[in-house]
Amino acid sequence: MRTEYTTCPLCEATCGLELTIEDDRITRVRGDRQDEFSKGFICPKGASLGQLDADPDRLAGPVVKRDGEFVPVSWDEAFRIVDEKLNSYADRNQIAIYLGNPVVHSLAGGLYAGPLRKALRSRNVFTASTVDQMPKHVSCGYMYGSIFSIPVPDIDRTDFMLILGADPFSSNGSLWTVPDAPGRLKALQKRGGSFVVVDPRRSRTAAAADEHVPIQPGTDVFLLLALIHEVFASSLVSLGRLEEHVAGVDEVRALVADFSPDAVSARCGIPAETIRSLAQRIAAAPRAAVYGRIGTTTVDYGTVGSWAVDVLNALTGNLDSPGGMMFPLPVHSKRGRGTGSGFETGRWTSRVRGYPEIMGELPAVTMADEIETPGEGQVRALITVGGNPALSVPNSARLNEALSSLEFMVSVDPYLNETTRHADVILPPPPPSRRDHYDLAFFNNAVRNVAKYSRAVIPLEQGRLDETDIFFRLTTILLGMGPAADLDAIAAFQLASLQEKAGTSFELDGITREERLLDFKLRTGAYGVSLQQLLDNPHGIDLGPLCERIPEILRTPSGKIELAPAFIAADIPRVLAGLSTVEEGMVLVGRRHLRTNNSWMHNVPSLVKGKQLCTLLVNTDDASRLGLVDGGAAQVTSRVGKVEVTVEVTDDISRGVVSMPHGWGHDQPGTRLTVAREHAGVNVNLITDDLRLDPLSGTAVLNGIRVQVMPA
Ligand SMILES: Nc1nc2c(c(=O)[nH]1)N[C@H]1C(S)=C(S)[C@@H](COP(=O)(O)OP(=O)(O)OC[C@H]3O[C@@H](n4cnc5c(=O)[nH]c(N)nc54)[C@H](O)[C@@H]3O)O[C@H]1N2
Ligand SMILES: Nc1nc2c(c(=O)[nH]1)N[C@H]1C(S)=C(S)[C@@H](COP(=O)(O)OP(=O)(O)OC[C@H]3O[C@@H](n4cnc5c(=O)[nH]c(N)nc54)[C@H](O)[C@@H]3O)O[C@H]1N2
Ligand code: SF4
Ligand SMILES: [Mo]
């Protein structure tokens, strides 16, 4: 029996875990109280890591589909098949790739997803970003010149927070790495501050807030523009230190001219007085932070809304200011030069619908179009890595059909699930306990500048491959180097080139090639921290609170914050048109539960036991009007399909709004998910619409779907 420390890889909070290991099994999980960042916080998902890790349904080795059945094969054989099949396409656009959420939660994905995408050389790159946060990348890309410059609420020093479309008490924060978000929000209240939550549902976060402002789904953009309008109208603009670094203030004033609190009030379902008062409170608070998440991104006007959040923070003196919204400087990153070539979208367009490329990818909602539509460049093969698009992308019925029509599909995934059942080859990565961990993605969003590296707590069994090897192998296959290239030699060459380019010649720390690559990134990073230092500090290191980063972080050609980028301004007329569009009927939104993680943790018994989590929340008045009863079944119909789902009657949701979580629907044939199958739930993406997206970011509309609801 031994104790090991690691970081939970399951959500963005990066909590430190203290694991008890017996006979190569995790037998106990506790929050690591010595963790420099999370200080012992843990949630039910982290606590179930042992069960998740030892899930008997995990694939133990690669499998290949033969006559409709998956049979085990050696890694060599699996890669030989992948090499033969993928390299049979002369036109690389015929191969698509879909990268899912866990890719950003692993060192393997952090180091190698980029090279893999590059090696593929296909226009058909899809990721979960376009069912998630892409609008924020786009708005920040145009405002600051870099898609990764996303400011986060400096929660520990703020006095007032306005939270829109996020439920950090359930999600534990997103684009905001904030272990123990509930504790930190309560601490804000304890020190005399307050927070307000805008949400059509009384979420756990809304219930804990000082004020809950219910809103009509999909209308946050109008509210945000009205808040900006009020900041101008009441002369509350106070740029402070940013004054000399900001361009476009007058343009913003003109852009919000039509969005007074009175003009948006009815559309948002929020009294104009409340809007004015919110603007006053943001401006009056010594330090305030406005934060918007999934309810503001996966909507019709996701990019304008995401932009408006930052504009509001900037105009009220809360951008890049302690206690406001700040830009982290992670240990593996370098400081910037204050100017750059900026950001553009639309360098190419999708073949079928002509959607513009964004960050080198195309909207996930158009994946089925590209697979189904004949012609030159039609997608015939697919690589999925850590993704379950069969459940997570709108119009799932259609996408499932499309996936089953592919000539070849390879999935890097530990499970045989709704997506990978369509694969010809599945390459399973090892469970979390067997892999090294450093959060290349989430330290970018952390509320303190922190770093932590943990080696695998249990050695990888003979015959298993680390996910870094799987990524690397696929990359070399796509580079035409065959299924058995010498990966160590390639990595050594890559490191030597990196050192040469950087003008360094370190003796690098680390026992694997990935450790050496990470060490290189760390030592050439802003603080010059080494891997050895992280190894010597198993509970992480804390480099202090967030610091001001403007203008150094800017990469716009002007060297300024572009407060009114032309690309975003051009969408305002569409937003204005939307202000007067009122549709009839019920509106569907999503939600998360503390015990779920998108689609893939429903196979963990402790997380799915008890009350069913996949229900349709219906307001009490709507329920009686529609003849729905608690525990009964409702039929929910949209343009694309219909589902039957169990009703949960509650006053916690606004009238006219229904809520259903995503990631369920585990009753599909051909999967191996013993526990999840017994708690199948219903796939909400059977009724979300693949034709609806925010055109600026290609992001699916997952909140604000018109539906008809009736007793089933
Ligand atoms: N427990 C758990 N944690 C998770 C995940 C999970 O599945 N389970 N998933 C992870 C992932 S991938 C992500 S991206 C993050 C997301 O993290 P969050 O953005 O915090 O996501 P949610 O918890 O779904 O909270 C979104 C809230 O928006 C509300 N909402 C819906 N539509 C609207 C709208 O139009 N306007 C407003 N103002 N509100 C609206 C919903 O009622 C809900 O309360 O969570 C991460 N963490
Ligand atoms: N209607 C609706 N749809 C939504 C959302 C919503 O709010 N409403 N939210 C959207 C959001 S924010 C997101 S992020 C997406 C998520 O969408 P996806 O990323 O497509 O789906 P996940 O459910 O995260 O599935 C993760 C997959 O990775 C596998 N996996 C788990 N661990 C590992 C690992 O270590 N390595 C590898 N290679 N694979 C692993 C799992 O078995 C699973 O197949 O869903 C989106 N879909
Ligand atoms: S909050 Fe997130 S990182 Fe922390 S224990 Fe839970 S799942 Fe893991
Ligand atoms: Mo997400």
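The rules we used
- Residues numbered from 1 in each chain as written.
- Chains lettered and ligands numbered in written order.
- Predicted model: local features only at pLDDT ≥ 70, side-chain atom pairs only at ≥ 80, totals over all residues.
- Heavy atoms only, no water.
- Domains from an automatic or database assignment.
- Contact = heavy atoms within 4.5 Å.
- Buried area = accessible area lost by both parts, 1.4 Å probe.
- Polar contact = N/O pair within 3.5 Å; in protein donor to acceptor, adjacent residues only side chain to side chain.
- Helix = DSSP H or I, 4+ residues; strand = E, 2+ residues; numbered from the N terminus.
- Salt bridge = Lys/Arg side-chain N within 4 Å of Asp/Glu carboxyl O.
- Buried < 20%, exposed > 50% of the residue type's maximum accessible area, 1.4 Å probe, protein only.
- UniProt positions renumbered as here; feature names shortened; annotations may be inferred.
- Near = heavy atom within 4 Å.
- Nonpolar A, V, L, I, M, F, W, Y, C, P; charged D, E, K, R; others polar.
- Areas by Shrake-Rupley, 256 points an atom, 1.4 Å probe, with all protein chains shown as cover.
- Pairing = 2+ DSSP bridges.
- Axes fitted to C-alpha atoms, helices over the stretch in contact; angles between N-to-C directions.
- Disulfide = S-S within 2.5 Å.
- Expected span 1.5 Å × (residues − 1).
- Core = buried A, V, L, I, M, F, W, Y, C linked by side-chain atoms within 4.5 Å.

(A) The arrangement of the domain arrangement of the chain in detail. Here the domain parsing of the chain yields domain 1 (1-54), domain 2 (60-122 + 363-439 + 455-537), domain 3 (134-334 + 550-575) and domain 4 (583-711). Counting from both sides, the interface comprises seven residues of domain 1 and, opposite them, 10 residues of domain 4. Between domain 1 and domain 4, a total of about 750 Å² is buried, with carbon and sulfur atoms accounting for 70% of that surface. On the domain 1 side of the interface with domain 4, the three residues burying the most area are Lys-45, Gln-51 and Leu-52, jointly 58% of the side's total. Summed over the shared surface of domain 1 and domain 4, the result is four residue pairs in polar contact (both at pLDDT 80 or more). For the side of domain 1 that touches domain 4, the elements supplying multiple residues, two or more each, are helix H1 (44-47) and helix H2 (49-53).

(B) Spatial organisation of the pattern of salt bridges. For the coordinates displayed, the defined rule picks out 45 salt bridges. The salt bridge partner of Arg-80 is Glu-84, with a shortest N-O separation of 3.1 Å. Remark: Glu-84 and Arg-80 occur in helix H3 (residues 75-86); sequence separation between them is four residues, near one turn of the helix. Arg-80 gets classed as partly exposed once you look at its relative accessible area, which sits at 38%. Classification of Glu-84 as partly exposed rests on a relative accessible area of 47%. For Arg-293, the salt bridge is made with Asp-132, and the minimal N-O distance between the two is 2.5 Å. Of the two residues, Arg-293 sits in the loop between strand E13 (288-292) and helix H13 (294-297) while Asp-132 sits in the loop between strand E7 (125-127) and helix H5 (134-144), which places them 161 residues apart along the sequence. For Arg-293, a relative accessible area of 4% gives the class buried. For Asp-132, a relative accessible area of 16% gives the class buried. Through salt bridges with shared partners, a single ionic network connects Arg-353, Asp-369, Glu-372, Arg-398, Arg-639, Asp-689 and Asp-690.

(C) Up close: the UniProt feature "domain: 4Fe-4S Mo/W bis-MGD-type" (unreviewed entry) in the chain. Annotation from UniProt places "domain: 4Fe-4S Mo/W bis-MGD-type" (unreviewed entry) at residues 1-57. Secondary structure over residues 1-57 splits into 16% helix and 35% strand, and the C-alpha atoms at its two ends are 25 Å apart.

(D) Spotlight on unusual backbone geometry. Cis peptide bonds are those with omega within 30 degrees of zero, and the linkage from Ile-550 to Pro-551 qualifies with 15 degrees. Phi is positive for Arg-121, which is not a glycine, with a value near 55 degrees. Mapped onto the elements of the fold, Arg-121 is located in the loop between helix H4 (107-120) and E7. Judged by its relative accessible area of 56%, Arg-121 falls in the exposed class. Of note in the backbone geometry, Asn-395 takes a positive phi value of approximately 55 degrees without being a glycine. Examined against the element boundaries, Asn-395 turns out to sit in the loop between helix H16 (389-392) and helix H17 (396-404).

(E) Summary view of the site of ligand 3. Around ligand 3, the neighbouring residues are Cys-8, Leu-10, Cys-11, Ala-13, Thr-14, Cys-15, Phe-41, Ile-42, Cys-43, Lys-45, Gly-46 and Asn-172. Residue classes in the shell around ligand 3 are distributed as eight nonpolar, three polar and one charged.

(F) How the structure looks around the site of ligand 2. Looking at ligand 2, there are 29 residues lining it, with Asn-101, Ser-392, Asp-413, Glu-467 and Ser-599 nearest. Contacts to ligand 2 include Arg-435, whose side-chain N or O atom sits 2.7 Å from an oxygen atom. His-662 is positioned such that a nitrogen or oxygen atom in its side chain is 3.3 Å from a nitrogen atom of ligand 2. When ligand 2 is considered free in solution it has 910 Å² of accessible area, and contact with the protein chains removes 96% of it. In terms of residue class, the shell around ligand 2 is made up of 13 nonpolar, 11 polar and five charged.

(G) Just the sheet that holds strand E5 (residues 69-72), in detail. Ordered by their spatial adjacency, seven strands build an open sheet running E5-E4-E17-E16-E15-E6-E7, and the pairing between neighbours is mixed. In this open sheet, the two edge strands, each paired with only one partner strand, are E5 and E7. The sheet shows a mean angle of 20 degrees between the axes of neighbouring strands, direction not considered. Taken together, the two bridges between strand E4 (residues 63-66) and strand E17 (residues 425-427) define a ladder with antiparallel strand orientation. Directly across from Val-63, in E17, lies its bridge partner Ile-426.

(H) Fine view of the state of the cysteines. A complete count under the given rule lists zero disulfides for this structure. Here Cys-547 is not disulfide-linked; the sulfur of Cys-140 is the nearest cysteine sulfur, at 19 Å. Look at Cys-547 and you get partly exposed, because its relative accessible area is 48%.

(I) Focus on helix H12 (residues 272-284). Its 13 residues give H12 an end-to-end C-alpha distance of 18 Å, which sits within 8% of 18 Å, the value for a rise of 1.5 Å per residue. Considering only its buried residues, H12 is in contact with strand E9 (160-164), strand E10 (194-198), helix H9 (220-233), helix H11 (261-268), E13 and helix H14 (302-315).

(J) Here's a closer look at the pairing of strand E22 (residues 616-619). Both faces of E22 are covered, namely the face carrying Leu-616 and Val-618 and the face carrying Leu-617 and Asn-619. The pairing of E22 with strand E24 (residues 642-650) spans four bridges and is parallel. Residue pairing across strands places Leu-617 opposite Glu-648, the latter belonging to E24. Across two bridges, the pairing between E22 and strand E25 (residues 657-659) is antiparallel. Paired with Val-618 across the bridge in E25 is Val-658.

(K) Examining the nonpolar core more closely. In this structure, Leu-225, Trp-307 and Tyr-438 are the most contacted members of the largest nonpolar core, which totals 149 residues. Shared between two domains, this core takes at least three residues from each, and those domains are domain 2 (60-122 + 363-439 + 455-537) and domain 3 (134-334 + 550-575). Judged by nonpolar contacts, the second largest core, of 29 residues, contains Val-131, Ala-368, Ala-402 and Leu-403.

(L) Region of interest: the environment of Pro-711. With respect to the helices, strands and loops of the structure, Pro-711 is situated in strand E28 (residues 705-711). A relative accessible area of 40% places Pro-711 in the partly exposed class. Taking the C-alpha atoms as reference points, Pro-711 and Leu-626, 85 residues apart in sequence, are found 7.3 Å from one another. Sequence-distant contacts of Pro-711, defined by excluding residues within four places in its chain, comprise Leu-626, Gly-627, Leu-628, Ala-633, Ala-634 and Gln-635.

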